[in-house]
Amino acid sequence: MAKLVSKTYADALFELAVEKGCEDAWLEDAKALLEILHENEELAKLMNHPQIVKEEKLQIIENIFKGKTADEIVGLMCQLIEKDHFKDMESVFACFVDSVKEYKNIGTAYVISAMELSMQQKDEIVKKLLETTHYVEIEMNVFFTNISISTMSIDISTVNDPC
């Protein structure tokens, strides 16, 4: 059910973003929002607290985000609260981010390496991925692991499938 809720709201926001030509700006807003939600557990506790009425929750969201992010995103956040779906907010915006990245042909590479990569090595990986995939841009996430042999693993995708 949560997956359906996330996808439904994310798809609606994505369609509106494309219609208005705001996908780049809203992508940045959504990424910032995800970071805020991820880093502020207290906000989630507050928004999910059963003794705080919806009107107070809506006022909190508007005080925090109004004027700092697109009105449509604030409106969606308020709608999620009104429908008791705050718990799905992270997955809604993660799904929206994935939709925009897919639309714009932006891939995400997850690189796992036993040693730190130089900027030249990272650039070479991106160049090779751009040459061998349909993506026009690659976002690279590099992870280091303590393994005893020199190995590297690369996984590329546009969708983290949060929804």
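Since the model is a prediction, treat every value here as computed from it, not as a measurement.

Reading guide: rules and limits
Residues numbered from 1 in each chain as written. Predicted model: local features only at pLDDT ≥ 70, side-chain atom pairs only at ≥ 80, totals over all residues. Heavy atoms only, no water. Core = buried A, V, L, I, M, F, W, Y, C linked by side-chain atoms within 4.5 Å. Buried < 20%, exposed > 50% of the residue type's maximum accessible area, 1.4 Å probe, protein only. Contact = heavy atoms within 4.5 Å. Salt bridge = Lys/Arg side-chain N within 4 Å of Asp/Glu carboxyl O. Helix = DSSP H or I, 4+ residues; strand = E, 2+ residues; numbered from the N terminus. Phe/Tyr/Trp six-rings, centres within 6.5 Å; stacked < 30°, edge-to-face > 60°. Expected span 1.5 Å × (residues − 1). Arc of directions from axis to C-beta. Pairing = 2+ DSSP bridges. Right-handed = clockwise from strand over helix to strand, strands pointing away.

Let's shift gears to the nonpolar core. Counting residues in each nonpolar core, the largest one holds 34 residues, and the members touching the most others are Ile-73, Met-77, Met-89, Phe-93 and Phe-96. Sequence-distant contacts of Met-89, that is, excluding residues within four places in its chain, are made with Leu-37, Met-77, Leu-80 and Ile-81. Membership of the second largest hydrophobic core comes to eight residues, among which are Ala-109, Leu-117, Leu-129 and Tyr-135.

Counted according to the given criterion, the structure contains eight salt bridges. The residue Lys-31 makes a salt bridge to Glu-139 at a minimum N-O spacing of 3.2 Å. Of the two residues, Lys-31 sits in helix H2 (residues 23–39) while Glu-139 sits in strand E2 (residues 137–144), which places them 108 residues apart along the sequence. Between Lys-54 and Asp-84 there is a salt bridge, with its nearest N and O atoms 3.4 Å apart. Of this pair, Lys-54 sits in helix H4 (residues 54–65) while Asp-84 sits in the loop between helix H5 (71–82) and helix H6 (89–103), and the two are 30 residues apart along the sequence.

The next subject is the packing of aromatic side chains. Taken as a whole and judged by the stated rule, the model has two aromatic pairs. For the ring pair Tyr-110 and Phe-143, a centre distance of 6.5 Å and an interplane angle of 10° mean the geometry is stacked. With Tyr-110 in strand E1 (residues 106–113) and Phe-143 in strand E2, this pair connects stretches of sequence that are 33 residues apart. Residue Tyr-110 is classed as partly exposed on the basis of its relative accessible area of 22%.

Right, let's talk about H2 for a bit. For H2, built from 17 residues, the straight-helix expectation of 24 Å at 1.5 Å per residue is met to within 8% by its first-to-last C-alpha distance of 24 Å. Within the span of H2, buried status applies to Glu-23, Trp-26, Leu-27, Ala-30, Leu-33, Leu-34 and Leu-37. Taken end-on, H2 shows its buried residues confined to a sector of 130°, consistent with a single buried face.

Glancing now at the pairing of E1. Taken across its eight residues, E1 has six buried, putting it largely inside the fold. One ladder, built from eight bridges, connects E1 with E2; its direction is parallel. The residue of E2 that forms the bridge with Thr-108 is Glu-139. Each parallel crossover has a hand, and for E1 linked through helix H7 (residues 119–132) to E2 it is right-handed.

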